[in-house]
Amino acid sequence: MEYTIIRVYRVAASSQSEATDRLMEAFEKGVQRDYLARDIVKGPTDGPAAVARPVSWWVLARRQILGR
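A. Expanded view of a nonpolar patch on the surface. A cluster of nonpolar side chains, Met1, Tyr3, Ile5 and Val41, forms an exposed patch at the surface whose accessible area comes to about 530 Å². Note that Val41 resides in strand β2 (residues 36-42). On the basis of relative accessibility, which here comes to 57%, the residue Val41 falls in the exposed class.

Below, the structure written as structure tokens:
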């Protein structure tokens, strides 16, 4: 089984590059927990999702006429 773990960090900055630099500096200093907002853990999926076949216009019309 595989799990997906996502760490969300919030960094106050005036631009994306400044936020990236601040977060990378925090990782270098080992204080990234100061910026950690939350962890998201997603479990494994049960398998491929079932894909329904597209319904033809004839089947749709018949359903509407017969009320099924």
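Here the narrative resumes, following the displayed structure.
B. Fine view of the confidence of the model for the protein. Here the protein averages 88 in pLDDT, and 90% of its residues register 70 or above. Model confidence for the protein, summarised as mean pLDDT per element, is weakest for helix α2 (residues 57-66) at 88 and strongest for helix α1 (residues 16-29) at 96.

C. Structural context of the packing of aromatic side chains. This structure, assessed with the given rule, holds 2 aromatic pairs. Relative to Phe27, the ring of Tyr9 lies with its centre 5.6 Å away and its plane at 70°, an arrangement referred to as edge-to-face. Residue Tyr9 is found in strand β1 (residues 4-9), and its partner Phe27 is found in helix α1; the two are separated by 18 residues along the sequence. The partly exposed category is assigned to Tyr9, whose relative accessible area is 22%.

D. Representation of the pattern of salt bridges in the model. Evaluation of the coordinates by the stated rule reveals 3 salt bridges. A salt bridge links Arg7 to Asp39; the shortest N-O distance between them is 2.8 Å. Here Arg7, found in strand β1, pairs with Asp39, found in strand β2; they are 32 residues apart in sequence, far enough to count as distant. Owing to a relative accessible area of 43%, Asp39 belongs among the partly exposed residues under this scheme.

E. Geometry of α1. Taking 1.5 Å of rise per residue, 14 residues should cover 20 Å, and α1 covers 20 Å from first to last C-alpha, within 8% of that figure. Ala19, Leu23 and Ala26 are the residues of α1 that are buried. What you see down the axis of α1 is that its buried residues fit within an arc of 55°, all on one side. Facing away from the buried side of α1 by over 90 degrees, the exposed positions are Asp21, Glu28 and Lys29. The inward-facing, buried residues of α1 abut β1.

Reading guide: rules and limits
Residues numbered from 1 in each chain as written. Predicted model: local features only at pLDDT ≥ 70, side-chain atom pairs only at ≥ 80, totals over all residues. Heavy atoms only, no water. Patch = residues over 30% accessible without salt bridge, like charges linked within 9 Å, V, L, I, M, F, W, Y side chains within 5 Å. Areas by Shrake-Rupley, 256 points an atom, 1.4 Å probe, with all protein chains shown as cover. Salt bridge = Lys/Arg side-chain N within 4 Å of Asp/Glu carboxyl O. Helix = DSSP H or I, 4+ residues; strand = E, 2+ residues; numbered from the N terminus. Buried < 20%, exposed > 50% of the residue type's maximum accessible area, 1.4 Å probe, protein only. pLDDT = per-residue confidence, 0-100. Phe/Tyr/Trp six-rings, centres within 6.5 Å; stacked < 30°, edge-to-face > 60°. Expected span 1.5 Å × (residues − 1). Arc of directions from axis to C-beta. Contact = heavy atoms within 4.5 Å.

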